[in-house]
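Spelled out from the first residue to the last, the chains are:
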Amino acid sequence: MPGPRPGAPATERPERPAAPPPERRILADLTPLRISADYRRLWVGNTVSWIGQAMTALAVSLQVYDITGSSFSVGLVGLCSLVPLVVFGLYGGAIADTVDRRKLGLYSAAGLCGLSVVLAAAAFASFHHVWFLYAVVALQATCGALNSPARTAMIPRLLPPEQLPAANALTSLTTTSGTTVGPMLGGLVVGLWGYQAAYVIDAVAFTAALYAMWRLPSMLPGADSADGAAADGGKRRRASVADGLRFLATRPNLRMTFFTDMCAMVLAHPRALFPAIAVVWYGGDAKTAGLLAAAPAVGALLGSVFSGWLGRIHHHGFAIALSVAGWGTAVAVFGLTRDLWLGVVFLALAGAADTISMVFRSTMLQAATPDEMRGRLQGVFIVVVAGGPRLGDFLAGTVGDLTSPRVAIVGGGAACVLAVGLLVLRWRAFLRYDARDPQA
């Protein structure tokens, strides 16, 4: 049976098949992929394009190093993406609460696809200039910051509330598989066929995301009803970033989702210390540092694969606090061990705990936020996710230099657990948050 005409208003949701009893489910719940063709296309398109973007990110870093021979120049690639992500993450969320989210997602995905084509054309033409690569990376971050709030704010309109945890676990599966598979494929492709091949593959991969967005119904904000009409009778006013922040200031449970994540990503984020401890602790080299960096991603991937049980959890605030404390504990124990493989295990456990936290934080953000505010809150989410780990890198590196890597890692993990404990003592209602009656 053909899907809805692209751009047409959403119609009555189709009858959903009964899901398997949750108590029998261990692996990731695939029910969202079965019950919604729109969500299925969106997830597949996002997964394919995410892998392509990870390939391009590695290829750009390799190309910058090939041109300059400078690690500092490679590090500037991250800075070029961070600033647009932070700035346009907030404004992208406001735009997503003003215009048709389908169109915003489609146009921004088209921009990302076009930028990959530009990179490929420049590589074919042997146009090798670092300033050009920095500019393209900044534009990619801008398009991504516009695309992500729009795409994420669509999900509660495509699925019933009880399927949001499963959908967010699938999103985590997309992210972690992209960050593990994408760089490996990127390195292989660049090594065999050059930078231009990686960029071409990324551009082709984006057609899946473009097709998924094109097939979606209209997604005007402010309408949780099935017909997609705006809550104000079709009249839209420009959404304000300040209004979104004021709304967040009145919603303690939603604020806590950001505070707890900052505890983990700022206080207990040891990534910047991996190169040093690979040599000092384990007598290894760059491969050892790569193993340490990959361990949390592997744990996150396993956490996503075996996420079927998450649908049975209703007290999301308690689960978030527990999983963030679990992250801090695992990081602290990692800092105490001197056995490489035991350390890898604890880093993987930290990654799995982070996946659980991400699933429930995203679900709370989607379920307890009115539709007309979802874009702006997703924009804040992007800023926290993009900025938190980078602040954590700076803090860990600074403390590690002033004291020692062990003090930075163990102290950071302990500080994370202590901070979460103080937060839940201050806002105890967060522990009582029930997904069956979401209250922001």
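What you see is a predicted model, and the numbers here were worked out from it, not measured in a lab. (Residues numbered from 1 in each chain as written. Predicted model: local features only at pLDDT ≥ 70, side-chain atom pairs only at ≥ 80, totals over all residues. Heavy atoms only, no water.)

Relative orientation of the contacting elements helix α6 (residues 164–193) and helix α13 (residues 340–367) amounts to 130°, with a least axis distance of 9 Å. Comparing the axis directions of α6 and α13 gives the class oblique. Considering only the axes of α6 and α13, their crossing is right-handed. Contacts from L164, P165, N168, A169 and S172 of α6 reach α13 at T355, M358, V359, S362, T363, Q366 and A367. Taken together, the residues that form the contact of α6 with α13 break down as 6 nonpolar, 6 polar and no charged. (Axes fitted to C-alpha atoms, helices over the stretch in contact; angles between N-to-C directions. Helix = DSSP H or I, 4+ residues; strand = E, 2+ residues; numbered from the N terminus. Parallel < 35°, antiparallel > 145°, perpendicular 65-115°, else oblique. Left-handed = near helix turned anticlockwise from the far one by under 90°. Contact = heavy atoms within 4.5 Å. Nonpolar A, V, L, I, M, F, W, Y, C, P; charged D, E, K, R; others polar.)

Turning our eyes to something else, we now look at the confidence of the model for the protein. Here the protein averages 85 in pLDDT, while 89% of its residues score no lower than 70. This model gives residues 1–23 a pLDDT under 50, and the stretch forms 36 contacts once residues within four places in sequence are excluded. Counting interchain partners and residues more than four positions distant, the pLDDT-below-50 stretch residues 225–235 has 17 contacts. (pLDDT = per-residue confidence, 0-100.)

Take the environment of L82 next. Structurally, L82 can be placed in helix α3 (residues 71–96). You can call L82 buried: its relative accessible area is 19%. Residues L82 and G387 lie 305 residues apart in sequence; the distance between their C-alpha atoms is 7.3 Å. When neighbours within four sequence positions are excluded, L82 is seen to be in contact with A386, G387 and R390. (Buried < 20%, exposed > 50% of the residue type's maximum accessible area, 1.4 Å probe, protein only.)

Core analysis: the biggest nonpolar cluster contains 54 residues, and F258, L292, W327 and F334 have the highest contact counts within it. Counting residues per element, the ones that place at least two in this core are α8 (241–249), α9 (252–267), α10 (274–280), α11 (286–305), α12 (316–336), α13, α14 (371–402) and α15 (405–426). Of the residues forming this core, the biggest block, 10 residues, is contributed by α13. Non-local contacts of F334, meaning those with residues more than four positions away in its chain, are made with F274, I277, W281, Y282, L292, G343, F346, L347 and I409. Listed in part, the 28 residues of the second largest apolar core include V77, F132, Y134 and A203. (Core = buried A, V, L, I, M, F, W, Y, C linked by side-chain atoms within 4.5 Å.)

Here we come to empty space enclosed by the protein. Empty space left among the atoms is revealed by rolling a probe the size of a water molecule over them. Under the definition given, this model contains 1 cavity of 30 Å³ or more. The volume enclosed by the largest cavity comes to roughly 30 Å³. Around the largest cavity sit L90, V241, G244, L245, R376 and V380, which together line it. Counting only elements with at least two residues in the lining of the largest cavity, the list comes to α8 and α14. If one sorts the elements of the lining of the largest cavity by residue count, α8 sits on top with 3 residues. For the lining of the largest cavity, the per-class residue count stands at 4 nonpolar, 1 polar and 1 charged. (1 Å grid on protein atoms, 1.4 Å probe; cavity = no way out; pocket = protein on both sides within 12 Å on 5 of 7 lines; lining within 4 Å. Points joined across faces, edges and corners; volume = space filled by probe spheres on them.)

Positive phi values are uncommon outside glycine, yet S126 reaches one of about 60°. In this structure, S126 sits in the loop between α4 (101–124) and α5 (130–158).

The next point concerns the packing of α8 against α9. Each pair of packed helices can be summarised by the angle the axes make with each other and by the distance between the axes. Here α8 crosses α9 at 100°, and the two axes come no closer than 7 Å. Classified by the angle between their axes, α8 and α9 sit roughly perpendicular to one another. From α8, F247, L248 and A249 reach across to α9, where they touch L254, R255 and F258. Residues belonging to the contact of α8 with α9 are distributed by class as follows: 5 nonpolar, no polar and 1 charged.

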